[in-house]
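Letter by letter, the chains look like this.
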Amino acid sequence: MEKVILTGDRPTGRLHVGHYAGAVKRRVEIQDSGEYQKIFIIIADAQALTDNADNHEKVRQNILEVALDNLACGLDPMKSTLFVQTQIPELTELAFYYMNLVTVSRLQRNPTVKAEIQLRNFEASIPVGFFTYPISQAADITAFKATMVPVGEDQLPMIEQTREIVRKFNAIYGETLAEPEAQLVENETCSRLPGIDGKAKMSKSLNNCIYLADSPEEIKSKVMSMYTDPDHLKVSDPGNIEGNTVFTYLDAFCKEEHFSRYLKEYSNLQEMKEHYKRGGLGDVKIKKFLNEILQEELEPIRRKRKEYEKDIFAIYEILKEGSIKAREEAADTLDKVRAAVKINYFDDLDLIIKQQAKYRNLS
Ligand code: TRP
């Protein structure tokens, strides 16, 4: 079987370090590994509209930002197909058939939907489109016959729901769809990087993000303001590393080589953690170290972004070409789906002949 990747982002803002650590970095590694025959990266604007119906200008603006961020991280349009969800009407059609295979109570139990409804205070008035977006996401994944979906941890319930839909579809209509697998990044910390305030997740509305396009000064000032151990008042005090955002980020980004480059007195992260726990290692020092690491990681991304920003016409051209290519793939799946659901009436000569025979017998 062909190995196919589909993954992507909602265009509701620029991508931040959480997106990068949890998804985009891995996405580019997969692309460059050459292990997959096809790679599709969706800019999920239709999904973004499910809770931004009156904010369509924001969504419209951020399609470009998300495209730039992906390209800046090393996504190569020659190797990966970057496309815009709304430009593939087949996805909407596919979701419509899947809706018959999912119950309201199953959607209500989807943990990601549950959490997002709470986050948005939607309890009393959930837009139907938002409520059903896991079904639309199943269409995104299956339309491209994806076998693997690299995602952050919060997306696991979506993949599970997709797999259920695939099994149900295939059971009713015959083997038609590929069942995808989820793939998390190996480093667990990376798949759920907290915001700089130590809150669960980076989120634009919480104003706790480090964006990929942030300037070196912005990155530094955000790192220096990071949440650490509130009881670690004096340098000599013993400090806590659990729930200490700086150490969480170090778990995500620090490699041994960083010590020889920026902090020679330790040979690895474990040694540094021990010192912090014992007391005698100050927050300013650990923050400066993290800043060096993040600057090193983000500088090439920012540089590449600046290059791409010089020709915005070319970016829209990449998206247009990608969408044309993606549509061909989705249309092929839709042909198969229509045949399986037996709604391809006009191509179904067997049906027409039998219907004719029925009436011939009557006369
Ligand atoms: N739900 C994803 C997010 O919020 C975006 C997305 C839409 C997606 N369709 C997808 C991710 C298909 C993976 C596969 O970031």
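In this numbering scheme, every chain counts its residues from 1 along its sequence in written order. Since the coordinates come from a predicted model, pLDDT governs what is reported: local features require at least 70, and pairs of side-chain atoms require 80 or more to be given and counted, while whole-chain, interface and lining totals use all residues. Only hydrogens and water are removed before side-chain values are computed, so all heavy atoms of the structure are retained for them.

Undergrad: Give me the site of the ligand: which residues, what numbers.
TA: As a matter of local geometry, the ligand sits amid L6, T7, G8, R10, A44, Q47, Q137, D140, I141, V149, V151 and Q155. The term polar contact refers here to a pair of N or O atoms within 3.5 Å; inside protein, the definition further demands a hydrogen-donor-capable atom paired with an acceptor-capable atom, and it admits residues adjacent in sequence only when both atoms are side-chain atoms. With respect to the ligand, the side chain of R10 contributes an N or O atom lying 3.2 Å from an oxygen atom. Here a nitrogen atom of the ligand sits 3.0 Å away from a polar atom, N or O, in the side chain of Q155. Considered on its own, the ligand offers 370 Å² of accessible surface; in the complex 90% of this is hidden by protein. Secondary structure counts use DSSP, requiring at least four H or I residues in a row for a helix and at least two E residues in a row for a strand, with both numbered from the N terminus. For the shell around the ligand, the secondary-structure elements that each account for two or more residues are β1 (4-9) and α8 (133-143). Residues are classed as near a molecule or strand on a simple rule: at least one heavy atom within 4 Å of it. Each accessible area is a Shrake-Rupley estimate made with a 1.4 Å probe; only the visible protein chains count as cover when residues are assessed.

Undergrad: Can you explain the state of the cysteines? Please cite residues and give values.
TA: Throughout, a disulfide means two cysteine sulfur atoms within 2.5 Å of one another. Applying the stated criterion across every chain yields a total of zero disulfides. C209 takes part in no disulfide bond, and the closest cysteine sulfur to it belongs to C73, at a distance of 15 Å. Each residue's exposure class comes from its accessible area (1.4 Å probe, protein chains only) as a fraction of the maximum for that residue type: buried when under 20%, exposed when over 50%, partly exposed otherwise. The class of C209 is buried, set by a relative accessible area of 3%.

Undergrad: How would you sum up the packing of α8 against helix α9 (residues 156-173)? Please name residues and give values.
TA: In contact at an axis separation of 9 Å, α8 and α9 are set at 70° when each is read in the N-to-C sense. With respect to α9, the element α8 is oriented roughly perpendicular. Side by side, α8 and α9 meet where Y133, P134, I135, Q137, A138, I141 and T142 of the first sit next to M158, I159, Q161, T162, I165 and V166 of the second. For the contact of α8 with α9, a count of residues per class yields nine nonpolar, four polar and no charged. Inter-axis angles, ranging from 0 to 180 degrees, are taken between N-to-C directions of lines fitted to C-alpha atoms, where helices are fitted over the stretch in contact. These descriptions rest on fixed angle ranges, namely under 35 degrees for roughly parallel, over 145 for roughly antiparallel, 65 to 115 for roughly perpendicular, and the rest for oblique. Should any heavy atoms of two residues lie within 4.5 Å, those residues are considered in contact. Only Asp, Glu, Lys and Arg are considered charged in this grouping, and only Ala, Val, Leu, Ile, Met, Phe, Trp, Tyr, Cys and Pro are considered nonpolar; every other residue, Gly among them, is considered polar.

Undergrad: Any details on the environment of E271? Residues and values, ideally.
TA: Relative to the elements of secondary structure, E271 occurs in helix α14 (residues 269-278). For E271, a relative accessible area of 35% corresponds to the partly exposed category. Apart from the residues lying within four places of it in its own chain, the contact partners of E271 are E265 and Y266.

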